[in-house]
Amino acid sequence: MSKILQASTMGGGRSGAAATAAWAVLVVVITLLPHSATATSEPALDGTTEDPMSKFRHLLPEANLSNNSVTNVTVQLGATAFLPCKYRHLADHQVSWFRRRDWHILTTGIFTYTNDARFSVLHPEETEDWTLQVKYTTRRDNGTYECQLSTGTGVISQFVNLYVVVPQAYILGSKDYHVQLGSTIKLTCVIKQSPTPPQYVFWYHNDHMINYDTRRGGINVTTDTGPTKTVSNLVITDARHQDSGNYTCSASNTQGASSNVFVSHGDKMAAIQRRKAGAGAGDLPLTCPVLWLLLVLTLAAQR
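Here the structure is a predicted model, which is why all the values come from computation and not from measurement. (Residues numbered from 1 in each chain as written. Predicted model: local features only at pLDDT ≥ 70, side-chain atom pairs only at ≥ 80, totals over all residues. Heavy atoms only, no water.)

Draft legend 1. Seen up close, the sheet that holds strand β7 (residues 131-134). Read across the open sheet, the three strands follow the order β2-β7-β6; overall the sheet is antiparallel. Sheet topology places β2 (81-83) and β6 (119-122) at the edges, where each strand pairs with a single neighbour. Here the strands of the sheet are splayed against their neighbours by 25° on average, with no regard to which way each runs. (Pairing = 2+ DSSP bridges. Helix = DSSP H or I, 4+ residues; strand = E, 2+ residues; numbered from the N terminus. Axes fitted to C-alpha atoms, helices over the stretch in contact; angles between N-to-C directions.)

Below you can see the structure in the form of structure tokens.
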């Protein structure tokens, strides 16, 4: 091994080729080590897994994304991610998965080299697939992963960018929704950044779920799912005073979104609109003529 290290650090003209050749030899040496069906290294004192390549970090080649295949995978927070990789005619060569963030080796062949049980390689026999599976994805799993094939003359790499997204829900329009007595309440909830559609979307009036409320009647919920977003519509006909309150759209894969509904008589609605339109400086012109009249009367009385 000392000879390999010496060869990799020789003159600048051969440093890149020597590093690549040394790295290829190291991967082959690792794969020949005895291991069980799931080979894992011993955890360090801080609870993390020791990187088997830590002593040879300086020999690892830099990624050249412009000259290698790059795939993007988007997955929802908490779901399982599948990172694809295919190599043909492997013969005696080995396929390894690395996490580029810290250059941690995850798998080599069908064996796992991390104590994180969420990672594993899926390789059906007699196939070209070497898919890296990541269960229960977290925000920290975001990043680039490298699927590397070690050959006798060097390495070939495929890169996968993993994006872990968090679905977001919101109700269109204002947080406060005013309707007249007897009219129709219409609320629309949009759930974005959801690669996997939610299993359900429930609507709540205060703390009562109303999707299937037959006692009130006149309630209709429709939900349309798509590849990037889900839209749920709540329609309540013949609005009544008791329909006032907080309405929440709750999906299975994200936090809920809420809106306040106020049901009022027509004259009360008009008063609300007038108060909004006349708020602030708009009231001043109405009071100015009164002030002038009082001033004139005062001056006339003094004469």
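Draft legend 2. Seen up close, the state of the cysteines. The final tally for this structure, using the stated rule, is two disulfides. Two residues share a disulfide in this structure: C85 and C147, whose sulfurs sit 2.0 Å from each other. The S-S bond linking C85 to C147 shows a torsion near -75°; that makes this disulfide left-handed. In this pair, C85 sits in the loop between β2 and β3 (94-99) while C147 sits in strand β8 (residues 143-150), placing the two residues 62 residues apart along the sequence. The exposure class assigned to C147 is buried, which follows from its relative accessible area of 0%. Paired by a disulfide, C189 and C249 hold their sulfur atoms 2.1 Å apart. Because the torsion about its S-S bond is -75°, the bridge between C189 and C249 counts as left-handed. (Disulfide = S-S within 2.5 Å. Buried < 20%, exposed > 50% of the residue type's maximum accessible area, 1.4 Å probe, protein only.)

Draft legend 3. Expanded view of the nonpolar core. Within the largest apolar cluster, 20 residues are counted, with the highest numbers of intra-cluster contacts made by L83, W97, L132, Y145 and L162. Counting residues per element, the ones that place at least two in this core are β1 (69-76), β2, β3, β6, β7, β8 and β9 (155-165). Beyond its immediate chain neighbours, meaning those up to four positions away, Y145 contacts L83, W97, F98, R99, R100, L106, F119, L132, Q158, F159, V160 and L162. The next biggest cluster of nonpolar side chains, apart from the first, holds 19 residues, and it includes I191, W203, L234 and V263. (Core = buried A, V, L, I, M, F, W, Y, C linked by side-chain atoms within 4.5 Å. Contact = heavy atoms within 4.5 Å.)

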